[in-house]
Amino acid sequence: MKKFLTILGLAMVANTGVIYAQYAGDALRFSQTNYGSSARFKGLGNAQTSLGGDISSIGGNPAGLGMFTRSEFSITPEFNNTGSKSSYFGQNSNDTKNSFNLNQAGIVWYNPVIRPKGSNLDQGVVSFVWGIGYNRNNDFSQRVSFAGKNPNNSLGDYFAEQANNTGQTHQNLPLGLGQLGYDNFLINETSAGVYQKANSKLNNNQSYNQNRWGSTSEFNFAGSMNISNQVYIGASIGFVTMHYDYDSNFSEMGSLTSTPQELPADPKVGDTYTASYLQSQTTRGNGINGRIGIIYKPINEFRIGASFQTPTWMHVEDTYSEAVNTLYNPGNSVYRPDQNNYVFQYTLRTPMKTSVGASLIIAGNGLLTGDVDFVNYSSIKLSTTSDYNTADNRTDINNNNQDVKDFYKSAVNFRVGGEYKIDPITLRAGFGLNGTPYKQDPDNQAQVKYYSAGLGYRINQYYVDLAYQRVETNQTFVPYTVGTDASLDPTATTKLSKNNVFLTFGVRF
């Protein structure tokens, strides 16, 4: 449970002085992608597997391109508002973050098959359609803050535990969290060579601030074939780019209750302190994947579709740093020892995804559509790269792969949507639910819910679509862990929400 909370919450340094561990949490984060799409499909809850005829098919089910009867270009900017509501030892905190991004852009070329005059145009291959598009299919942006009084333990307990885990004295204590705590006079070494915290008081004021940003995006090249206006077959290849950054500051205010051995005069017993545990991560990745899909339309009013997305094979470069800075009063002494830096490269294979869907046109003006995804997150695989293929790194990667098997499972996602035309306006609404990827989540706290609504306007060859989407989920933050009793670890529960607005401009030519 302790290890699961670490993966579920904040990524921490599990093996200080070796490399930055807990890549299993990042691997899951980079594997949970949605479909970047136009505002039309966003308004429909992103239920698109069987629909087609929208430029979003470039990054979704490529078979849907076969339903185009003209060439087309569209672009979709988005506005994102991310909010968080956290509770930490009974104290509530809120935070928000806003950003503008490009969600989707693409162009489609329609190529009808040239046939002799008088031929049956509804039999055989009718057309080929090609598309190039950009899709932003994962948004990491969020800002979380919380604060409260911890009645159970302090940062000194955590640093002392880290130092004791090394089994060495301060003369040769390796650079790590234990070393940083010792250099900041937050822990002491006893005559028996055991480290203990230098502050024994509880109910210290603690606070945490985190800022995350980044995304996963794809450039897709897709093609589709229309056979007899009933069967549509398509394929695509995607070039994936991922960037993820976060900065965090966990602070504690308290007072010293024992004199540090190295400097007995400054700081001294009774001095108050503000200790800041700073973490920073920069991760970059590039990869490739592919999709194949089919849509079958037995009658004009009904269609079914399916698509298969291969794993994404990604090369990841990760840089992590941590530091501890402490301000003591009344002397206002600031201790800023060297920070710890960990650089690592690895390869990541994300899960494959299978999607099926069906759509029904009602009385010519109404539409109902639904999708289901199947994703096995326990199939995530991490591997070392040649430059980092050492025994320690291989052991750490193997441990993270075992964490993937121990803590992740298959998940089912579903999406439903509907629209109704009142020429020249179309009204839309949708709902989606991404299942929890965790085995130890009996209350499904990690589910992600999507609510959406939108409208569209068409005039001649031009169109504009507007969509609003609200995303809701829950997260658990564990700034540090102490001992074996998980109930004593400082834990914040956070409700995260995203309010997104999408606006698509398109033209057919």
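Asks: So what about unusual backbone geometry? Which residues, and what values?
Replies: In this structure, P424 follows D423 across a cis peptide bond, with omega equal to 5 degrees. One non-glycine residue, N444, adopts positive backbone phi at about 55 degrees. For N444, the position within the fold is in the loop between strand 18 (425-434) and strand 19 (448-459). The phi torsion at N460 lies on the positive side, around 55 degrees, for a residue other than glycine. Considering the arrangement of structural elements, one finds N460 in the loop between strand 19 and strand 20 (462-477).

Asks: Describe the pairing of strand 2 (residues 91-112), naming the residues involved and giving the relevant values.
Replies: In terms of strand pairing, strand 1 (residues 72-88) meets strand 2 through 17 bridges, oriented antiparallel. Paired with I75 across the strands is A105, a residue of strand 2. If you look at the hairpin formed by strand 1 and strand 2, you'll find two residues sitting between the two strands, and F89 has a positive phi there, around 50 degrees. Here strand 2 runs beside strand 3 (residues 125-139); their pairing, made up of nine bridges, is antiparallel. Bridge pairing links Y110 to V129 in strand 3.

Asks: Residue-level account of the side chain of Q469, with values.
Replies: Tracing the backbone through its elements, the reader meets Q469 in strand 20. Classification of Q469 by relative accessible area gives buried; the value is 9%. Contacts of Q469, omitting those with residues within four sequence positions, involve K42, Y450, Y451, S452, K498, N499, N500 and F502.

Asks: Could you give me a rundown of the packing of aromatic side chains, with the residues and numbers involved?
Replies: Per the counting criterion, the structure on display carries 27 aromatic pairs. Ring geometry for Y23 against F344: centres 5.3 Å apart, planes inclined by 40 degrees, an arrangement best described as tilted. Of this pair, Y23 sits in helix 2 (residues 23-31) while F344 is found in strand 13 (residues 340-349), placing the two residues 321 residues apart along the sequence. The pair formed by Y23 and F344 is uniform in burial state, with each residue classed as buried. Both rings, one in F344 and one in Y346, keep their centres 6.0 Å apart while their planes meet at 25 degrees; by these two values the pair is stacked. Side by side, F344 and Y346 carry an identical accessibility label, which is buried. Aromatic ring contacts, followed pair by pair, group Y88, F89, F146, Y158, F159, Y208, F250, Y277, F477 and Y480 into a single cluster. Its end group placed over the ring of Y35, K353 keeps NZ or CZ at 4.9 Å from the ring centre.

Asks: Could you give an account of the nonpolar core, naming the residues involved and the relevant values?
Replies: Within the largest apolar cluster, 59 residues are counted, with the highest numbers of intra-cluster contacts made by Y346, L348, I380, L382 and Y408. Those residues in contact with L382 that sit more than four places away from it in its chain are Y23, A27, Y346, T347, L348, I397, N401 and V404. Within the second largest apolar cluster, seven residues are counted, among which are I55, L65, F68 and A222.

Asks: Can you break down the environment of G148 residue by residue, with the values?
Replies: Within the secondary structure, G148 is located in strand 4 (residues 142-150). In this structure, the C-alpha to C-alpha distance between G148 and Q91, residues 57 residues apart in sequence, is 5.7 Å. Setting aside anything within four residues of it in sequence, one finds G148 in contact with Y88, Q91, N204, N205 and Q206.

Asks: Tell me about the pattern of salt bridges, and please be specific about residues and values.
Replies: Counted by the stated rule, this structure contains 15 salt bridges. R40 is paired through a salt bridge with E419; the nearest N and O atoms lie 3.1 Å apart. Taken together, the residues R40 in helix 3 (residues 39-43) and E419 in strand 17 (residues 410-422) connect sequence positions 379 residues apart. In this structure, R40 and E419 share a single accessibility class: buried. For D373, the salt bridge identified is with R415, shortest N-O distance 2.5 Å. Residue D373 is found in strand 15 (residues 366-376), and its partner R415 is found in strand 17; the two are separated by 42 residues along the sequence. D373 sits in the buried class, given a relative accessible area of 2%. Where salt bridges share partners, they join R40, E419, R428, R458 and D465 into one cluster.

Conventions used here
- Residues numbered from 1 in each chain as written.
- Predicted model: local features only at pLDDT ≥ 70, side-chain atom pairs only at ≥ 80, totals over all residues.
- Heavy atoms only, no water.
- Helix = DSSP H or I, 4+ residues; strand = E, 2+ residues; numbered from the N terminus.
- Pairing = 2+ DSSP bridges.
- Buried < 20%, exposed > 50% of the residue type's maximum accessible area, 1.4 Å probe, protein only.
- Contact = heavy atoms within 4.5 Å.
- Phe/Tyr/Trp six-rings, centres within 6.5 Å; stacked < 30°, edge-to-face > 60°.
- Lys NZ or Arg CZ within 6 Å of the ring centre and 35° of its normal.
- Core = buried A, V, L, I, M, F, W, Y, C linked by side-chain atoms within 4.5 Å.
- Salt bridge = Lys/Arg side-chain N within 4 Å of Asp/Glu carboxyl O.

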